[in-house]
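Report on the structure
Residues per chain are reported as follows:
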Amino acid sequence: MATPTKPATTLLILGAGGELTHRLLLPGIATLLMAERDRTLRIVGSDRVEMTPAEWKSRIKDSFATVQAPQTVTRAASKDTAYIKADSSTRCSCSALSPPAATGRSSSSSRCLRR
């Protein structure tokens, strides 16, 4: 009988471009993933600042390195990550953070209608 694994969890980080995310939150996530190696976590970052996928992955890698996370943990966290430029204080931008957008699937109904 196969050992059941924990279900995958998606963590959406609002303000992902900020210093607190880089200095505290991502290293804390690395520590959690080191302690719970069977946990599957998809990290989705969002902020108002522009960030390429490579820059976001580099940010995760740099933050994980501050707590000496093994490369296996860092690679697993970086493998299926995403960054979405959005302003969480606006209704239109928040629609970009809905599950279809956060998972990379397109959705024709996620358009913002201004009144």
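Our subject is the structure that appears above.
Residues numbered from 1 in each chain as written. Predicted model: local features only at pLDDT ≥ 70, side-chain atom pairs only at ≥ 80, totals over all residues. Heavy atoms only, no water.

**A short note on the side chain of Arg-42**
How we decide: A run of DSSP states H or I qualifies as a helix once it reaches four residues; a run of E qualifies as a strand once it reaches two. Both are numbered from the N-terminal end. Throughout this description, a polar contact denotes any pair of N or O atoms lying within 3.5 Å of each other; where both atoms belong to protein, one of them has to be capable of donating a hydrogen while the other can accept it, and for residues adjacent in sequence the pair is counted only when both atoms sit in side chains.
In this fold, Arg-42 is placed in strand E2 (residues 41–47). A distance of 2.6 Å separates a polar side-chain atom of Arg-42 from the backbone oxygen of Asp-80.

**As for the nonpolar core**
Here is the rule: The set of buried Ala, Val, Leu, Ile, Met, Phe, Trp, Tyr and Cys residues whose side-chain atoms join them within 4.5 Å is what this entry labels a nonpolar core. Only protein chains enter the accessibility calculation, which uses a 1.4 Å probe; a residue whose area is less than 20% of its type maximum is buried, one above 50% is exposed, and one in between is partly exposed. Between two residues, a contact is recorded if the distance between any of their heavy atoms is within 4.5 Å.
Of all hydrophobic cores here, the largest spans 16 residues; its most connected members are Ile-13, Leu-26, Ile-29, Leu-33, Ile-43, Trp-56 and Phe-64. At the level of elements, helix H1 (19–35), E2, helix H2 (53–65) and helix H3 (71–79) are the ones that each hand at least two residues to this core. With near-sequence residues (within four places) excluded, Trp-56 lies in contact with Ala-16, Leu-26, Ile-43, Val-44, Gly-45, Met-51, Thr-81, Ala-82 and Tyr-83.

**A closer look at the environment of Thr-21**
Mapped onto the fold, Thr-21 is located in helix H1. The buried category is assigned to Thr-21, whose relative accessible area is 7%. Remark: the alpha-carbon pair of Thr-21 and Gly-45, spanning 24 residues in sequence, is separated by 9.6 Å. Excluding residues within four positions of it along the chain, Thr-21 makes contact with Ile-13, Gly-15, Ala-16, Leu-26 and Pro-27. There is a polar contact of 3.1 Å between the side chain of Thr-21 and the backbone oxygen of Gly-15.

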